[in-house]
Amino acid sequence: MGVDDPTFYDARQIALLPMGFCFPGSGRSGDLPPRPECAANWRQALLAQLPEIELTIAVGAYAINWHLPQESGSLAEIVSRWREFEPALFPAPHPSPRNNRWLRNHPWFEEEAVPVLQARVHRCLSGP
């Protein structure tokens, strides 16, 4: 996103909404997926309490699938079409260490998409 820590953690500027509010536990290769009932029970109601959202960054497959249920394809296919969802939504891979290989295999994301995302974030934070 290209913002400093005080900005990132300022709830007046940035809202962080997980797909689940509970830790789902650990599996063989990392954290288990978010429990499906979590987002179904609270996410829409919480988003309705945030009427001034200018940009949603859907981070990871679970968030992308929730925000773009009509889209099909792999994570890479959907993320590679990030321009189609602007300016309100930006699909992005999860920044987990497990995704380092994904980032190496898809250098276009950091080369092309991230600078555009950072500029969009800065425009949103700068105001109208």
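For the structure, check the block above.
Presented here is an overview of the structure given in this document. Not measured: the values here are computed from a predicted model. (Residues numbered from 1 in each chain as written. Predicted model: local features only at pLDDT ≥ 70, side-chain atom pairs only at ≥ 80, totals over all residues. Heavy atoms only, no water.)

A tally of helices and strands in the chain yields six helices and four strands. Ordering the α and β elements of the chain from the N terminus gives α-β-β-α-β-α-α-β-α-α. Its C-alpha atoms give the chain a radius of gyration of 15 Å, within 12% of the compact-globule value 14 Å for 128 residues. Along the first, second and third principal axes, the C-alpha set of the chain runs to 45 × 35 × 30 Å. Going through the 128 residues of the chain one by one, you find that 31% of them count as buried. Counting only contacts in the chain whose residues sit at least 6 apart along the sequence, the fraction spanning at least 24 positions is 53%. By element, 53% of the accessible surface of the chain is carried by carbon and sulfur atoms, the whole surface being about 8,600 Å². (Helix = DSSP H or I, 4+ residues; strand = E, 2+ residues; numbered from the N terminus. Rg over C-alpha atoms; globule rule 2.2 N^0.38 Å. Buried < 20%, exposed > 50% of the residue type's maximum accessible area, 1.4 Å probe, protein only. Contact = heavy atoms within 4.5 Å. Areas by Shrake-Rupley, 256 points an atom, 1.4 Å probe, with all protein chains shown as cover.)

This part is about unusual backbone geometry. Cis rather than trans, the peptide bond between Glu86 and Pro87 has omega equal to 0°. In this structure, Pro87 sits in the loop between α4 (75-80) and β4 (89-92).

Turning our eyes to something else, we now look at the pairing of strand β3 (residues 56-59). What you see with β3 is a clean split: Thr56 and Ala58 sit on the buried side and Ile57 and Val59 on the side with no burial. In the sheet, β3 pairs with β4 via four bridges, with the strands oriented parallel. Along β4, the bridge assignment pairs Val59 with Ala92. (Pairing = 2+ DSSP bridges.)

Under the 1.5 Å per step criterion, the end-to-end length of helix α6 (residues 107-126) is 29 Å for 20 residues, consistent within 8% with the ideal 28 Å. By the burial criterion, the buried members of α6 are Trp108, Phe109, Ala113, Leu117, Arg120, Val121 and Cys124. For α6, the secondary structure elements touched by its buried residues are β3, α4, β4 and α5 (100-105). In the segment just after α6, Gly127 is the residue with positive phi, at about 90°. (Expected span 1.5 Å × (residues − 1).)

Moving on, we come to the packing of aromatic side chains. Considering all chains together, one arrives at six aromatic pairs under this definition. Taken together, a centroid distance of 6.0 Å and an interplanar angle of 75° make the contact between Trp102 and Phe109 edge-to-face. Assigned by exposure class, Trp102 and Phe109 land together as buried. Where Trp108 meets Phe109, the ring centres are 6.1 Å apart and the plane angle is 80°; that geometry is what we call edge-to-face. Both residues of the pair, Trp108 and Phe109, count as buried. In this structure an aromatic cluster arises from ring pairing among Trp102, Trp108 and Phe109. (Phe/Tyr/Trp six-rings, centres within 6.5 Å; stacked < 30°, edge-to-face > 60°.)

Locating Ala76 in the fold gives a position in helix α4. With 15 residues separating them along the chain, Ala76 and Ala61 place their C-alpha atoms 9.7 Å apart. When neighbours within four sequence positions are excluded, Ala76 is seen to be in contact with Trp102, His106 and Trp108.

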